[in-house]
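The primary structure of each chain is shown beneath.
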Amino acid sequence: MRRSADIDALQQVLSAALGSREPVCSLAQLGRDADAFAALDPAVLERPTLVGGGSPYHPTSPVPALHTLDELARRADELNVAQILVPNVRRSDDTGALRAAGLVPLATESECVVRLPGEVDEVLRARVGAGQLHDLRRHHHALSCDVTWERIPLTELDGNPWAKDAFVELHRCRTERHGGQDNLYNADALDALAHGSLADRTEMLVRRSEKTVVQAGLITTSHNGRGLYYLTQAIDHDDPAARHNLHVATLYELYRHARRSGLEWVHLGRGDAHRMRPLGADLFVPLDHWLRAPGLAAPAAEGAEQAVSEFAALPVTGVPVPGPARFRQVPRFDTIDLSSNTSPFLGAAAEYPHLDTAELADTYLTTISTLPGHDGVDALSADHLLFTSGAVDGVMLLLAALASPGECVCVTPPTFPLYAHFAHLLRLPVVEVPLCGDDLSRLDTEGILEADPRVTILCDPNNPVGTRLDPEQVHDLLVGGRGLVVIDEAYVEFSEKPSYAGLVEEHDNLIVLRTLSKAWGLAAARCGIALAQPGIVEALRRVQVPFGFTNASQHAVRDRLTNSRPVLDGIQRIRAERDRMASALAEHPAVDRVFPSETNFLFVRLHKHERVMEQLRDAGIVVADTGRAIPDTCRITIGDRRANTALLDALSSAV
């Protein structure tokens, strides 16, 4: 919860749970944070601690103001309590006041949010896959006939003593199962919540099998009225209903309830991505507990803004990241945003896109690190990645951010024409050093190094040829030149040779461009990726226009990355069809040569180029005419079996 008033209300609930006027307890009594506190001295775990400025309950806490921290220190002195804990603070918040007050961060689990931009089944099918959605619905259906779903406003709890008693008993049993630490949801805590300022936004969620309560929990509407916090739940694990995965079924029903109520998200509390993604969570915000205790080492000085790379153009070094992008790591789903001058009456489309893409960046890196040929990617972090509006936007950004007037850009034709196009627009001289060799896969490294370019852009796998470059020659450019080497890997997923992404951490002059338009099937989402040293990413961010990565695109990318099996299957199908088409075309009388391909297309030299191209157009088939770059050639995308067969038939009529 992001209001201090809400946190104050939960502090009163904690005091009631502890049976004291002040929220003082040992860290051991807080139970579930064993991992966060594991490295602490046992004496620290058992020492009385004043909990303030935040809540140990599920919702996260805003960083307390300096005067609040001063008041906490004063109260601790009055109570003769040596330790202070401020729990569940978002790592993205400005924590300077906490550090200045002598508190030390202890990493804990991330908070997990399920965002619901559309109908629940559609969202979950894309996000967790059809199989997981089927399981969710199956668990839900198995319980629907036997287990009721009831929501009791907390303001009416006094009139439903059975619900209160069941809630308290189930939470007592849960506490015993988890080691016997203090129950933070006992009867006194529940009374304090029911008669406090949060009562009018809080409901008790009860599920009954016949007349027996098998689950009881609490949900609270956020103060901005756009989502739900799932505060707690306890289940009777001895009841047969629990065997049908009652918790999962309840979450599915809760998502449906949220959507019917016009809400946009459900906050599930804390957890890890591996466990919470299958439940639909798509936003994970890292948290820390902040502790002041005798003997704890003072926190290191807070790092300054990321230093810009020495490769940055001079104007870029003197400007900050533009506008709101400076606060990109601050999630705003549960705030009231009155800073953006947008319409409050036209729904989600009237809002600017989310700027916090760190978790999505981690998801991308985690996903591709499991692919063949991506060794070393697991060493990269979100600081090494920038999302762009397609890979071509990445080219424009890096030329604007890293090259100054008069510094030349080297391209290696035949290659993607927009490299030179953007360089000319930015008034950067372009040097062409053509590819050589029978397969147009050899670099003239001596020619490139002699030109001494500021930026060399390599397309690997090559577009339009489809071949891969010699990695030893690429390495020679990386270590032998003074400039940047940019490798556009738009088609690398179709190749069986390694990506250069895993080398980004080793070379400060390497930039790897990727895209989700090709193998990942998200051309409409316009999502490119630039992988580079953090200082280069910082330079690119200073040039990039904020809000270019739309919410719809972010949702599409996250859903595809977390449900990648269809993508991997599609790559295999394309490879198989590519090989079939290459064999068929190589034997076709209209074709002079089919070049080797490690992409999703074939580069073909034709015997009667103009006649064949005209015949294809007459047949309603469009291929890329590359005859101006390489005489008598065209580039043919691998389609489905029906489209490919139609192409072969049209070629036959051209002979």
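So, here's what we can say about the structure. Residue numbering note: each chain is counted from 1, following its sequence as written. Local features in this predicted model are restricted to residues of pLDDT 70 or higher, and side-chain atom pairs are both shown and tallied only at a pLDDT of 80 or more, whereas totals for entire chains, interfaces and linings draw on every residue. The side-chain numbers reported here are obtained from all heavy atoms of the structure, hydrogens and water having been left aside.

## A closer look at the pairing of strand E21 (residues 633–637)
Remark: a regular strand shows side chains that alternate across the two faces of the sheet.
Logical step 1: As judged from the 5 bridges shared by strand E19 (residues 601–606) and E21, these two strands associate in the antiparallel manner. When the bridges of E21 are listed, Phe601 appears paired with Thr637.
Logical step 2: In this structure, strand E20 (residues 624–625) lies alongside E21, joined through 2 bridges in antiparallel fashion. Counted as the bridge partner of Asp625 is Cys634 from E21. For two strands to be treated as a pair, DSSP must find no fewer than two bridges joining them. Runs of E in the DSSP output that reach at least two residues are strands. Runs of H or I that reach at least four are helices, and both are numbered from the N terminus.

## Comments concerning the sheet that holds strand E13 (residues 430–432)
Logical step 1: The strand order across the open sheet built from 7 strands is E11-E17-E16-E15-E14-E12-E13, with neighbouring strands paired in mixed fashion. Whereas interior strands pair on both sides, the edge strands pair on one side only; in this sheet they are strand E11 (385–388) and E13. Looking at each pair of strands side by side, their axes are set apart by 20 degrees on average, direction ignored.
Logical step 2: By the bridge criterion, 3 bridges tie strand E12 (residues 409–411) to strand E14 (residues 455–459) in an arrangement that is parallel. Each residue of the ladder has a partner; that of Cys410, found in E14, is Thr456.
Logical step 3: Where helix H12 (residues 358–369) meets the sheet, its contacts fall on E11, strand E16 (510–515) and strand E17 (528–531), and the angle it forms with E11 comes to roughly 105 degrees.
Logical step 4: Residues are treated as being in contact if the distance between any of their heavy atoms lies within 4.5 Å. All axes here are fitted lines through C-alpha atoms, helices being fitted over the stretch that makes contact, and every angle between N-to-C directions spans 0 to 180 degrees. Sitting on the sheet, helix H13 (residues 391–402) is in contact with E11, E12, E14, strand E15 (484–488), E16 and E17, with an inclination near 155 degrees to E16.

## What to know about the sheet that holds strand E8 (residues 227–235)
Logical step 1: Taken in spatial order, the 10 strands make up an open sheet running E1-E2-E3-E10-E4-E9-E8-E7-E6-E5, and their pairing is mixed. The outermost strands of the open sheet, each flanked by one partner alone, are strand E1 (24–25) and strand E5 (147–153).
Logical step 2: The pairing of strand E6 (residues 202–209) with strand E7 (residues 212–221) spans 8 bridges and is classified as antiparallel. Paired with Ser209 across the bridge in E7 is Thr212.

## Observations concerning the side chain of Asp288
Logical step 1: Locating Asp288 in the fold gives a position in strand E10 (residues 283–292).
Logical step 2: Overall, the relative accessible area of 7% leaves Asp288 in the buried class.
Logical step 3: Other than its neighbours up to four places away in sequence, Asp288 contacts Val86, Pro87, Asn88, Val89, Arg91, Pro105, Leu106, Ala107 and Thr108. Only protein chains enter the accessibility calculation, which uses a 1.4 Å probe; a residue is then buried when its area is under 20% of its type maximum, exposed when over 50%, and partly exposed in between.

## Examining the packing of H12 against helix H18 (residues 551–561)
Logical step 1: In contact at an axis separation of 10 Å, H12 and H18 are set at 30 degrees when each is read in the N-to-C sense. In terms of orientation, H12 and H18 fall into the roughly parallel class. Handedness of the H12/H18 crossing: left-handed. Contact residues: H12 offers Glu359, Leu360, Thr363, Tyr364 and Thr367, while H18 offers Gln554, Val557, Arg558 and Leu561.
Logical step 2: Here the contact of H12 with H18 is built from residues that sort into 4 nonpolar, 3 polar and 2 charged. Just so you know how the angles are binned, under 35 degrees is roughly parallel, over 145 roughly antiparallel, 65 to 115 roughly perpendicular, and the rest oblique. Handedness of a helix crossing follows the sense of rotation of the near helix relative to the far helix, less than a right angle counterclockwise being left-handed and clockwise being right-handed. In this classification, the charged set is Asp, Glu, Lys and Arg, the nonpolar set is Ala, Val, Leu, Ile, Met, Phe, Trp, Tyr, Cys and Pro, and all remaining amino acids, among them Gly, are polar.

## As for the packing of aromatic side chains
Logical step 1: Between the rings of Phe, Tyr and Trp (Trp by its six-membered ring), a pair exists once the centres lie within 6.5 Å; its type follows the angle of the planes, with under 30 degrees stacked, over 60 edge-to-face, and the other angles tilted. One pass over the full model with this rule turns up 8 aromatic pairs.
Logical step 2: Seen from their ring centres, Trp265 and Phe333 are 4.9 Å apart, and the 85 degrees between their planes marks the pair as edge-to-face. Pair noted here: Trp265 is in strand E9 (residues 265–271) and Phe333 is in the loop between helix H11 (314–317) and H12, with a separation of 68 residues, a long-range link.
Logical step 3: For Trp265, a relative accessible area of 2% puts it in the buried group.
Logical step 4: Through successive ring pairs, a cluster of aromatic residues spans Tyr229, Trp265 and Phe333.
Logical step 5: Cation placement over rings: the criterion is NZ of Lys or CZ of Arg within 6 Å of the ring centroid and within 35° of the ring normal. Against the face of Phe595 rests Arg593, its NZ or CZ located 4.1 Å from the ring centre.
Logical step 6: When the ring centre of Phe601 is taken as origin, the NZ or CZ atom of Arg635, which lies over that ring, is 5.6 Å away.

## Section: helix H19 (residues 565–586)
Logical step 1: For H19, spanning 22 residues, the distance from its first C-alpha to its last is 32 Å, which sits close to the expected 32 Å at 1.5 Å a residue.
Logical step 2: Buried residues of H19: Val567, Ile571, Arg575, Glu577, Arg578, Met581 and Leu585, and no others. Helix span, expected: 1.5 Å multiplied by one less than the number of residues in the helix.

## Considering the pattern of salt bridges
Two side chains of opposite charge can pair, provided their charged atoms sit close to one another.
Logical step 1: For salt bridges, the criterion is a side-chain nitrogen of Lys or Arg within 4 Å of an Asp or Glu carboxyl oxygen. Going through the model one piece at a time under the given rule, you end up with 41 salt bridges.
Logical step 2: Two residues, Arg226 and Glu351, come together in a salt bridge whose shortest N-O distance is 2.8 Å. Linking Arg226 in the loop between E7 and E8 with Glu351 in the loop between H11 and H12, this pair joins segments that are 125 residues apart in sequence.
Logical step 3: The partner of Asp272 in a salt bridge is Arg275, with the nearest N and O atoms 3.7 Å apart.
Logical step 4: Residue classification places Arg275 among the partly exposed residues on the basis of a relative accessible area of 43%.
Logical step 5: Among the ionic contacts, a cluster of salt bridges with common partners joins Arg115, Arg127, Arg277, Asp282, Glu359, Arg558 and Asp559.

## Points about the packing of helix H6 (residues 120–144) against helix H9 (residues 246–260)
Logical step 1: Interaxial distance between H6 and H9 falls to 9 Å at its minimum, and their mutual angle equals 120 degrees. In terms of their interaxial angle, H6 and H9 are classed as oblique. Of the two possible hands of crossing, H6 and H9 adopt the one that is left-handed. Listed contacts from H9 to Val120, Asp121, Leu124, Leu133, Leu136, Arg137, His139, His140 and Leu143 of H6 are Leu246, Val248, Ala249, Tyr252, Glu253, Tyr255, Arg256 and Arg259.
Logical step 2: Looking at the contact of H6 with H9 residue by residue, the classes come out as 10 nonpolar, 2 polar and 5 charged.

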